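What follows is the residue order along each chain.
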Amino acid sequence: MSTTAAPVTASGSTPGDVVTAEVERLRATFAGGRTRPLAWRRTQIEGIARLLDEQEPRLAAAIEADLGRQAMATFMGDIAPVRAEARHTLKQLAKWVRPQRVRVPMAQLPGKAWTAPEPKGVVLVVGPWNFPVLLTLHPLVSALAAGNAVVVKPSELTPRTSAALAELLPRYVDPDAIAVVEGDASVSGALLAERFDHIFFTGSERVGKIVLRAAAEHLTPVTLELGGKSPVIVSRDANLDVAARRIAWANALNAGQACIAPDYLLVEDAIREPFMERLLREVERTGRDHPSRVINTGHAERLAALLDGHGGAVACGGRVDGAGKQVTPTVITDPDPGSDLMTEEIFGPILPVLSVPSVADAIAFVNDRPKPLALYVFTESQDVVDVVTGSTSSGSVGINHLLYQLLVPELPFGGVGTSGMGAYHGRHGFDTFSHRKAVLHKPTKPDPSMAYPPYGPIASRIMRRMMG
Ligand code: NAD
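Residues numbered from 1 in each chain as written. Predicted model: local features only at pLDDT ≥ 70, side-chain atom pairs only at ≥ 80, totals over all residues. Heavy atoms only, no water.

Caption draft 1: Region of the structure containing the overall build of the protein. The helix and strand inventory of the protein stands at 15 helices and 18 strands. Here the protein has a C-alpha radius of gyration of 25 Å; the compact-globule value for 468 residues is 23 Å, and the two agree. Once the C-alpha set of the protein is aligned to its principal axes, its extents read approximately 80 × 60 × 35 Å. When burial is assessed residue by residue, the protein has 52% of its 468 residues classed as buried. Of all intrachain contacts in the protein linking residues separated by at least 6 positions in sequence, the fraction that spans at least 24 positions is 72%. (Helix = DSSP H or I, 4+ residues; strand = E, 2+ residues; numbered from the N terminus. Rg over C-alpha atoms; globule rule 2.2 N^0.38 Å. Buried < 20%, exposed > 50% of the residue type's maximum accessible area, 1.4 Å probe, protein only. Contact = heavy atoms within 4.5 Å.)

Quick look at the structure:
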């Protein structure tokens, strides 16, 4: 199903009416039990894998039209990770759904106890624009693995990709249990007014708060995959060539519009000069190789504003063409830590670089700020790895590389503090969309009378000893 962004549709119904009808339709499917069997779940996930195999050119063309991103980058960023997740889930699912026995304490014997995952019900997945296939279909795989009915709401800022998903998904998965609802904030708002059994939101901190407030109304559990500023620490013992190449690559990928993109660098004074020489060479080279088109004029202008009044120096790049949505990969040295550039999530191909006397100072800088979604450190020293991982808090840590932590299916992907709550990927995604039900099964014999009041002195003594 697809609904427009207009407040009232041609038929005279509001987005709220359309959304309510859609959620009720899915709820009826879920209540009928269709989504629970393992075979149904597998068929849906196989459908998503087939959609990616057969429709990659169509999706890549839609993303190119929406984001100006080339097909190979779409394969790496949107297609391959979802396909890998689908394959991994298909392999592991039989194990994940199995009930797990737990030990029963002496006082509760005889009896058997276990936990069993069950689907939560009808869940909502709201996606952002920056990886519009990845960030809708990846959580969809987890939600289906757990046996839920799912409403998917792609971002309105990638309208062609949203339309392609709305058209293609019902051809590959069960349309009575999976619905794509298109539209802007007004449609999202109508969705959030509904009662869901879980809401999985990927997007900004600002909208994350709106989602959390709306979910409170129905006491709906929420996963928030948000953003923030992900720092990179470059230690004096780092492999400088590799660090510069990898950081420049990650900064250019999707024109820096990735939630776990490097946001700013903290470079030890001792290697600042040789590192900067390499970094500038790499950023200029990647800038020549990769077009750096950002999503729209508004975002280009937002980035242009960040390049104003930061108090640092433009070491390379710095050009923004708002109408053409182009931002040249840029390095800014020594910006004011209180400037917008250093306090707002950049989400574009701009890298501020600050010098620090030591790794300890870099850690103090990071710990003075909101907990990041990702933290990166380049070092050849295990001691530095230990001190950085042991004394900072972040959703994930990448050591000597960036972004690839996303592709390890059994690493949870999620934030901490203002970078988000909850996680997914692999088993963690299955758990996010499942309720783990606790079950105790007791035989009806024996049923000793001392377990019931009145408790005489002997019964009291025995009960006290048994129950600890
Ligand atoms: P956004 O918050 O503006 O939009 C995300 C979704 O929320 C869209 O579908 C949009 O339609 C909807 N929305 C917008 N306004 C709304 C409102 N008032 N009420 C209800 N819904 C509303 O985010 P974006 O600009 O699409 O994405 C960029 C942000 O997402 C960045 O902060 C980035 O770090 C974050 N992000 C996080 C991850 C992650 O996995 N943690 C991944 C990608 C992007």
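Caption draft 2: Quick look at the domain arrangement of the protein. Here the protein is partitioned into domain 1 (15-226 + 419-436) and domain 2 (230-414). If you average the C-alpha positions of domain 1 and of domain 2, the two centres end up 30 Å apart. Between domain 1 and domain 2, the residue contacts involve 27 residues of the former and 23 residues of the latter. Each partner contributes to the roughly 2,000 Å² buried at the junction of domain 1 and domain 2, and carbon and sulfur atoms together form 58% of this total. Summed over the shared surface of domain 1 and domain 2, the number is zero salt bridges. Inspection of the domain 1/domain 2 interface yields twelve residue pairs in polar contact (both at pLDDT 80 or more). Breaking the side of domain 1 that touches domain 2 down by element, the ones donating at least two residues are helix H2 (38-67), helix H3 (71-97) and helix H14 (426-432). (Domains from an automatic or database assignment. Buried area = accessible area lost by both parts, 1.4 Å probe. Salt bridge = Lys/Arg side-chain N within 4 Å of Asp/Glu carboxyl O. Polar contact = N/O pair within 3.5 Å; in protein donor to acceptor, adjacent residues only side chain to side chain.)

Caption draft 3: The site of the ligand, seen in detail. Taken together, 27 residues form the shell around the ligand, and within it Gly 127, Glu 156, Ser 204, Leu 226 and Glu 345 come nearest. Here Trp 129 contributes a side-chain N or O atom positioned 2.9 Å from an oxygen atom of the ligand. In this structure, Glu 156 approaches the ligand through a side-chain N or O atom, which is 2.6 Å from an oxygen atom. Burial of the ligand by the surrounding chains reaches 90%, relative to a free accessible area of 840 Å². Elements supplying a minimum of two residues to the shell around the ligand: helix H6 (185-193), strand S6 (198-202) and helix H7 (205-218). Here the shell around the ligand takes three residues from H6, the largest share from any one element. Here the shell around the ligand spans two domains, since at least three of its residues come from each of domain 1 (15-226 + 419-436) and domain 2 (230-414). (Near = heavy atom within 4 Å. Areas by Shrake-Rupley, 256 points an atom, 1.4 Å probe, with all protein chains shown as cover.)

Caption draft 4: Representation of the sheet that holds strand S8 (residues 231-234). The strand order across the open sheet built from seven strands is S10-S13-S14-S9-S8-S15-S16, with neighbouring strands paired in mixed fashion. Edge positions in the sheet fall to strand S10 (313-316) and strand S16 (396-399), since each of these pairs with one other strand and no more. The mean angle between the axes of side-by-side strands here comes to 25°, regardless of whether they run parallel or antiparallel. The pairing of strand S9 (residues 264-268) with strand S14 (residues 350-356) spans four bridges and is classified as parallel. Note on S14: the bridge partner recorded for Leu 266 is Leu 354. (Pairing = 2+ DSSP bridges. Axes fitted to C-alpha atoms, helices over the stretch in contact; angles between N-to-C directions.)

Caption draft 5: Just the side chain of Glu 118, in detail. With respect to the helices and strands, Glu 118 occurs in strand S2 (residues 112-119). Here Lys 437 takes part through its side chain, which lies 2.6 Å from a polar atom of the side chain of Glu 118. Once residues within four sequence positions are removed from consideration, Glu 118 is found in contact with Arg 36, Ala 146, Phe 433, Ser 434, His 435 and Lys 437.

Caption draft 6: View of the nonpolar core. Core analysis: the biggest nonpolar cluster contains 104 residues, and Ile 247, Phe 275 and Leu 279 have the highest contact counts within it. Top contributing element to this core by residue count: H2, with ten residues. Shared between two domains, this core takes at least three residues from each, and those domains are domain 1 (15-226 + 419-436) and domain 2 (230-414). If you look at the next biggest cluster of nonpolar residues, it comprises 15 residues, including Ile 233, Val 359, Leu 375 and Val 388. (Core = buried A, V, L, I, M, F, W, Y, C linked by side-chain atoms within 4.5 Å.)

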